[in-house]
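Residue-level listing of the chains:
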Amino acid sequence: MTNEWFLGIDLGASSYKCGLISPGWNIVARCEAPTRALDGPVQAADRMAESAREILNRLPADAQVTRIGICSPGPVDHGTGMIVDPPNLTDWRDVPFAAMLTERLNLPVSLDHDAKASALAEFHLGAGRGANSMCLIIVGTGIGGAMIVDGQLYRGERSAAGEVGHFTVNLDGPICTCGSQGCVEAYAGGPAIMNAYMYATRKKVESGEEIVNAALAGDEIARRVFERAGRALGAGIASIAMTMDISTYVLFGSVIKAGELLLAPARAAVPRYSYHSIATRVRILTGELGNDAGILGAAWGARIAESRSA
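Keep in mind it's a predicted model, so treat the numbers as computed, not measured.

Reading the values: the criteria
Residues numbered from 1 in each chain as written. Predicted model: local features only at pLDDT ≥ 70, side-chain atom pairs only at ≥ 80, totals over all residues. Heavy atoms only, no water. Helix = DSSP H or I, 4+ residues; strand = E, 2+ residues; numbered from the N terminus. Buried < 20%, exposed > 50% of the residue type's maximum accessible area, 1.4 Å probe, protein only. Core = buried A, V, L, I, M, F, W, Y, C linked by side-chain atoms within 4.5 Å. Contact = heavy atoms within 4.5 Å. Pairing = 2+ DSSP bridges. Axes fitted to C-alpha atoms, helices over the stretch in contact; angles between N-to-C directions. Parallel < 35°, antiparallel > 145°, perpendicular 65-115°, else oblique. Left-handed = near helix turned anticlockwise from the far one by under 90°. Nonpolar A, V, L, I, M, F, W, Y, C, P; charged D, E, K, R; others polar. Phe/Tyr/Trp six-rings, centres within 6.5 Å; stacked < 30°, edge-to-face > 60°. Lys NZ or Arg CZ within 6 Å of the ring centre and 35° of its normal.

(A) Representation of the environment of Arg272. Looking at where Arg272 falls in the secondary structure, it is placed in the loop between helix H8 (260–269) and helix H9 (276–279). Judged by its relative accessible area of 57%, Arg272 is exposed. A C-alpha to C-alpha distance of 7.9 Å links Arg272 and Ala235, two positions 37 residues apart in sequence.

This is the structure we're talking about:
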């Protein structure tokens, strides 16, 4: 498997990214283009296939790609390569996207959820290297995650495992976008942080970065907003640790740019909501791969699929 090359594709609601992955797991060529999701999946598949051909033309003369990996917003059915009904890809319902790309490129295509792909990348190539098990948590507009247990991606009965943003941390807490109440996301998601700050200060802000800067400048309300968000996130991590006995947590996403304003209270909260013997083993880290995690993880998923088909 040392001479394998892969093509990884990260499909997002706004844009898609393609990357050619060398045997040393470096991205040696890449491109990015708008998804134009509102124009439908057929045009996206057409243009993505064209981008893939351009990337594949950069392969060394003695190399070849035998499988392509793609990750997409969920929910997806990785077994059939189907994009089911992601809320950020309007009107993309039951789209056999892996088959559409296979038809256009004449190569097998593996499709997976973007969080699960990113978890594979961070586990094998990033911050989770050396761990036996790991939970990746994406903290952005929403909060989601993926778990790797004993080296294997844990999917659950219907591939729905990982909705860690919708753990209830307060039975009487604010209504969440999912319709439940007191979820982690209702405290630590990007919009929740902005709404809490604007409600408390009666000031309008355009981004979470403004609240970060305010907190660093000594704004006590901004600090308290991040403190509350971090506690909720830490309580969610404690629940995962108590349930799954996972010690390594890798966090990334736009909200994690707040750094220790969020992470310090999250770490402090874990022992408050879990056994001491478990809390002492918990590590909360930040991701190392950034925007490349999806490309690398999609390619790693293709590598797994290729080894199983051999």
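Let us keep going from here.
(B) Layout of the nonpolar core. In terms of nonpolar packing, the biggest core is built from 42 residues, with Ile137, Phe226, Leu233, Ile237, Tyr249 and Leu251 touching the most fellow members. For this core, the elements supplying multiple residues, two or more each, are strand S8 (134–139), strand S9 (143–149), helix H5 (190–201), helix H6 (208–216), helix H7 (220–244), strand S11 (248–252), H8 and H9. No other element matches H7, which puts nine residues into this core. Apart from residues lying up to four places away in sequence, Phe226 is in contact with Ile193, Ile211, Val212, Ala215, Ala258, Leu261, Leu262 and Pro265. Counting 36 residues, the second-largest nonpolar core is a separate cluster that includes Trp5, Leu7, Ile9 and Leu111.

(C) The sheet that holds strand S2 (residues 15–21), seen in detail. With mixed pairing, five strands are arranged side by side in an open sheet as S3-S2-S1-S4-S7. Only two strands of the sheet have a single neighbouring strand rather than two, namely strand S3 (27–34) and strand S7 (109–113). On average, each strand axis in the sheet is inclined to that of its neighbour by 15°, with strand direction left out of account. Relative to S3, S2 runs antiparallel, the two sharing seven bridges. Bridging across to S3, Cys18 finds its partner in Cys31.

(D) Local environment of the packing of H7 against H8. Put simply, H7 and H8 touch, their axes get as near as 7 Å, and they point 45° apart. In terms of their interaxial angle, H7 and H8 are classed as oblique. In terms of crossing hand, the pair formed by H7 and H8 is right-handed. Mapping the contact onto sequence places Arg223, Phe226, Glu227, Ala229, Gly230, Arg231, Leu233, Gly234 and Ala235 in H7 and Leu261, Leu262, Pro265, Ala266 and Ala269 in H8. Residues of the contact of H7 with H8, tallied by class, amount to nine nonpolar, two polar and three charged.

(E) The packing of aromatic side chains, seen in detail. A full pass over the atoms with the stated rule returns three aromatic pairs. Residues Phe6 and Trp25 carry aromatic rings whose centres are separated by 6.0 Å and whose planes lie at 25° to one another, so their mutual orientation is stacked. With a gap of 19 residues between them, Phe6 in strand S1 (residues 5–11) and Trp25 in the loop between S2 and S3 connect regions that are remote in the sequence. Trp25 shares its class with Phe6; the two are buried. Connected via pairs of aromatic rings, a cluster forms that spans Phe6, Trp25 and Trp300. Across from the ring centre of Trp300, 4.6 Å away, lies the NZ or CZ of Arg303, which sits over that ring.

(F) Representation of the sheet that holds S9. One open sheet holds the five strands; their spatial order is S10-S9-S8-S11-S12, and the pairing between them is mixed. The open sheet has two edge strands with one neighbour each: strand S10 (152–154) and strand S12 (283–286). Between one strand and the next, the sheet's axes are offset by a mean angle of 25°, whatever the strand orientation. Examined bridge by bridge, S11 and S12 share four bridges and lie parallel to one another. Residue pairing for S12: Tyr249 is matched across the bridge by Ile284. Where helix H3 (residues 114–125) meets the sheet, its contacts fall on S8, S9, S10 and S11, and the angle it forms with S8 comes to roughly 125°. Each of S8, S9, S11 and S12 touches H7; the most contacted strand, S11, lies at about 145° to it.

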